[in-house]
Amino acid sequence: MNSRDIPVFDMVIFGGTGDLAMRKLIPAMFQRERAGVLPDDGRIIASARNPMSREQYIAMVEAQAASYIPDAQRQEPAWQRFLQRLHYVAIDATKSEGYATLQETIGKANGKIRVFYLATSPKFFGAICKHLHGAGLVNERSHVVLEKPLGHDLDSSRAINAEVAQYFSEDQIYRIDHYLGKETVQNLLVLRFGNTLFESLWNQKYIDHIQITVAESIGVEGRAGFYDHTGALRDMVQNHLMQLLCFVAMEPPASLDANAVRDEKLKVLRSLKPLTMDDVKNNIIRGQYTAGAINGKTANSYRKEEGIEPESQTETFVALKMEIENWRWGNVPFYLRTGKRMAQRVSEIVVQFKSVPHSIFDNRSTGLEPNKLVIKIQPEEDITLMLCGKKPGTGTNVRPVELSLTASSEEHIPDAYERLLIDAIVGRQTLFMRRDELDAAWQWVMPILEGWNNGVGRVEPYVAGSWGPSGSAFLLARDNRHWYEDLS
Ligand code: NAP
């Protein structure tokens, strides 16, 4: 893609002085500048309540960029070129006044793409869309990007979507889940649908089970107020983990067209076996970390973190077992888990194939492990196929061999936000969630929230720096399985 492929745009970032803008959005757009793909007249217009001049905003970006963009890159001519794209308009999202100034800044250039990136609390989304519309800023070339969290339950999510839908049509709305912008997630699509080899094995006949892990070693890190009212289920499972599940489990779409892919993802969500209260009790594990140590550093318990209620029952860990009721996946369990203050920062999908039906090798041969496809998303992106090979020497001893399916490349791998911001400008919705998908994901999750509210199950403690509470290991052990990292 080069600068001729990207239409001239004005990208308005609401919350343009916040952590997300400074840490992710501005650096991502700068990387696209360095790649030389932004059109000359493309502009980024940041907005927040704090009154300041354009020069002051640029100075703020320069100061913050030191933490997120390497010094050497900021010495390149691209950095000064990029700063020239930045503008600033002070707006209180909830009041109509500032939008007239935004209108003047944007001008009447109707041919430009307008991207409104809402990087504020979702409680402002409805008001922002209403005022943008009121100021005549929404036209057929306008796109709106909605950051998560989109609500805290089914009703609030529906309410936000309904408000936004009054002013933007569905094909103008980009609900972001940055996990879907990761290179490996795209690679998963190519692996599945670009090779007959995997697709023909991708079903209950050959696959024993699938694990999805999103583990963080950090705690709440300054997000205590938000996190203590949110918890791991809403923060991670309902969006990131369920979206990854969709990409692993969906049927081949007819094309990469946004609706073709999203139709298939929706079918997965609608095929999830609905949860009974017994399932909530037995198949959903929640935990909260106690004091411990990670990489030799001591870590406080969750309840002792600054800003957390001393008696908080918020879950910092969830593990669950789910089933997809269709022909491809009948009887194949999907085990998902996510947590904070875990032993390692790792996001990965493990597809474990069935054991060979009969071993002809020495029973003592320990290497005869079932094949696994390990798709690592974080910290490094990598796909490895774990096979069995012969141990060199006399006899026919078997040993595990690993085949890396990731071509080593000197090329810059774009950060998820780089890809998704450009997609939002050019109008590619494939990697963004459609309203009905979000609805279906919330519908599946709701019995868990209801059960927990009614005291079903309990929050199990786990030591910071471990792999979660014992209930998580037991969830798999009772099916004669174990989490992948337990092997190492
Ligand atoms: P933040 O650092 O607290 O920034 C909030 C931004 O919103 C600031 O620019 C703030 O500037 C502006 N703002 C607050 N009230 C406003 C109002 N009434 N009108 C206009 N602007 C207002 O938050 P953040 O971490 O960037 O997160 C923003 C949103 O993205 C949150 O909903 C968060 O959950 C979500 N998110 C964040 C991350 C992340 O990594 N940070 C990741 C995924 C999703 P003023 O105070 O000057 O108005």
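Treat the numbers as computed from the prediction; the structure is a model and nothing was measured. Along each chain, residue indices are assigned from 1 in the same order as the chain's sequence is written. Since the coordinates come from a predicted model, pLDDT governs what is reported: local features require at least 70, and pairs of side-chain atoms require 80 or more to be given and counted, while whole-chain, interface and lining totals use all residues. In computing side-chain properties, one takes all heavy atoms of the structure into account and sets aside hydrogens as well as water.

A. Representation of the overall build of the protein chain. Numbering of helices and strands runs from the N terminus; a helix is a DSSP stretch of H or I covering at least four residues, while a strand is a stretch of E covering at least two. When helices and strands are counted, the protein chain shows 16 helices and 17 strands. Here the globule rule reads 2.2 Å times residues to the power 0.38, and the radius of gyration is calculated from C-alpha atoms. Over its C-alpha atoms the protein chain spans a radius of gyration of 24 Å, differing by no more than 12% from the 23 Å that the globule rule assigns to 488 residues. Over its C-alpha atoms, taken along the principal directions, the protein chain stretches across nearly 75 × 50 × 45 Å. Only protein chains enter the area calculation, which uses a 1.4 Å probe; residues under 20% of their type maximum are buried, those over 50% are exposed, and those in between are partly exposed. Going through the 488 residues of the protein chain one by one, you find that 55% of them count as buried. Within the protein chain, residue pairs in contact and separated by at least 24 positions form 77% of the contacts whose partners lie at least 6 positions apart. Working definition of accessibility: Shrake-Rupley area with a 1.4 Å probe, residue cover restricted to the visible protein chains. Per element, the accessible surface of the protein chain, about 22,000 Å² overall, is 49% carbon and sulfur. Should any heavy atoms of two residues lie within 4.5 Å, those residues are counted as being in contact.

B. Layout of the sheet that holds strand 2 (residues 43-48). The six strands lie next to each other as 3-2-1-4-5-6, forming an open sheet whose pairing is parallel. Each edge of the open sheet carries a strand with a single partner, namely strand 3 (86-90) and strand 6 (173-175). Strand-to-strand twist of the sheet, defined as the mean angle between neighbouring strand axes without regard to direction, takes the value 20°. Being paired, for any two strands, means DSSP has found at least two bridges between them. With five bridges connecting them, strand 2 and strand 3 associate as parallel partners. Bridging from a neighbouring strand, Ala46 pairs with Tyr88 of strand 3. Working convention: axes come from line fits to C-alpha atoms, limited for helices to the stretch in contact. Angles between N-to-C directions cover 0 to 180 degrees.

C. Molecular detail of a nonpolar patch on the surface. Taken together, the side chains of Val356, Ile360, Phe361 and Leu368 make up a nonpolar region of the molecular surface, amounting to roughly 360 Å² of accessible area. For Phe361, the location among the structural elements is in the loop between strand 13 (346-353) and strand 14 (372-378). The exposure class of Phe361 is partly exposed, given its relative accessible area of 32%. In this analysis, a patch consists of residues with relative accessible area above 30% that form no salt bridge, clustered at 9 Å for like charges and at 5 Å for the nonpolar side chains Val, Leu, Ile, Met, Phe, Trp and Tyr. Criterion for a salt bridge: a side-chain nitrogen of Lys or Arg within 4 Å of a carboxyl oxygen of Asp or Glu.

D. Seen up close, the sheet that holds strand 16 (residues 398-404). Here we have nine strands laid out as an open sheet, ordered 16-15-14-13-7-12-11-8-17, and mixed in their pairing. The open sheet has two edge strands with one neighbour each: strand 16 and strand 17 (459-463). The sheet shows a mean angle of 20° between the axes of neighbouring strands, direction not considered. Taken together, the five bridges between strand 14 and strand 15 (residues 382-390) define a ladder with antiparallel strand orientation. Among the inter-strand pairings, Ile375 is bridged to a residue of strand 15, identified as Ile383. Packing of helix 15 (residues 435-453) onto the sheet brings it into contact with strand 8 (284-290) and strand 11 (317-322), and relative to strand 11 it is tilted by some 125°.

E. Spotlight on the packing of aromatic side chains. In summary, the pairing rule links any two rings of Phe, Tyr or Trp, Trp by its six-membered ring, whose centres are within 6.5 Å, and it sorts them by plane angle into stacked for under 30 degrees, edge-to-face for over 60 and tilted for everything else. Counted under the stated rule, the structure contains 13 aromatic pairs. On the numbers, 5.3 Å between centres and 25° between planes, the contact of Tyr57 with Tyr88 is stacked. Residue Tyr57 is located in helix 2 (residues 54-68), and its partner Tyr88 is located in strand 3; the two are separated by 31 residues in the primary sequence. Judged by its relative accessible area of 1%, Tyr57 falls in the buried class.

F. Quick look at the site of the ligand. Near the ligand you find 21 residues, and of these Thr17, Asp19, Arg23, Arg49 and Ala93 are the closest. Contacts described as polar in this section are N or O atom pairs within 3.5 Å, which, within protein, must combine one atom able to donate a hydrogen with one able to accept it, while residues neighboring in sequence count only if both atoms come from side chains. Backbone polar atom of Leu20 to an oxygen atom of the ligand: 2.9 Å apart, as the coordinates give it. When the ligand sits alone it has 880 Å² of accessible area, and the protein chains cover 76% of it. Here the element with the most residues in the shell around the ligand is helix 1 (residues 19-34); it accounts for three residues. Under this grouping Gly is polar, as are all residues other than the nonpolar Ala, Val, Leu, Ile, Met, Phe, Trp, Tyr, Cys and Pro and the charged Asp, Glu, Lys and Arg. Of the residues belonging to the shell around the ligand, the class tally is eight nonpolar, seven polar and six charged. Consider each residue's heavy atoms; a residue with any of them within 4 Å of a molecule or strand counts as near.

G. A look at the side chain of Glu147. Topologically, Glu147 is positioned in the loop between strand 5 (142-146) and helix 7 (154-165). A polar contact is formed between the side chain of Glu147 and the side chain of Tyr117, at a distance of 2.8 Å. Only 2.9 Å separates the side chain of Glu147 from the side chain of Tyr417, close enough to count as a polar contact. Those residues within four positions of Glu147 in sequence are excluded, and the remaining contacts are Leu20, Tyr117, Leu118, Ala119, Phe125, Ile176 and Tyr417.

H. Summary view of the UniProt feature "binding site: substrate" (unreviewed entry) in the protein chain. UniProt positions are given in the numbering used here, feature names are shortened, and annotations may be inferred rather than shown by experiment. UniProt marks His178, Lys182, Glu216, Asp235 and Lys340 with the feature "binding site: substrate" (unreviewed entry), using the numbering shown here. Structurally, Lys182 can be placed in the loop between strand 6 and helix 8 (183-193). Contact partners of Lys182, with chain neighbours within four places excluded, come to Ile377, Gln378, Glu381, Ala416 and Arg419. Position of Glu216 among the secondary structure elements: in the loop between strand 7 (207-215) and helix 10 (224-228). Ignoring any residue separated from it by four or fewer positions in sequence, one finds Glu216 in contact with Gly339, Lys340, Arg341, Met342, Gln344 and Arg345. At 2.8 Å, the side chain of Glu216 and the side chain of Lys340 are in polar contact.

I. The arrangement of the packing of helix 8 against helix 11 (residues 231-249) in detail. Direction vectors running N to C along helix 8 and helix 11 enclose 20°, while the axes themselves pass 10 Å from each other. In terms of their interaxial angle, helix 8 and helix 11 are classed as roughly parallel. With respect to the hand of their crossing, helix 8 and helix 11 are arranged in right-handed fashion. The residues of helix 11 that touch helix 8, namely those facing Val185, Leu188, Leu189 and Arg192, are Leu244, Phe247, Val248 and Ala249. An angle counts as roughly parallel when it lies under 35 degrees, as roughly antiparallel when it exceeds 145, as roughly perpendicular when it falls between 65 and 115, and as oblique in every other case. What makes a crossing left-handed is the near helix being turned counterclockwise from the far one by less than a right angle; a clockwise turn instead makes it right-handed.

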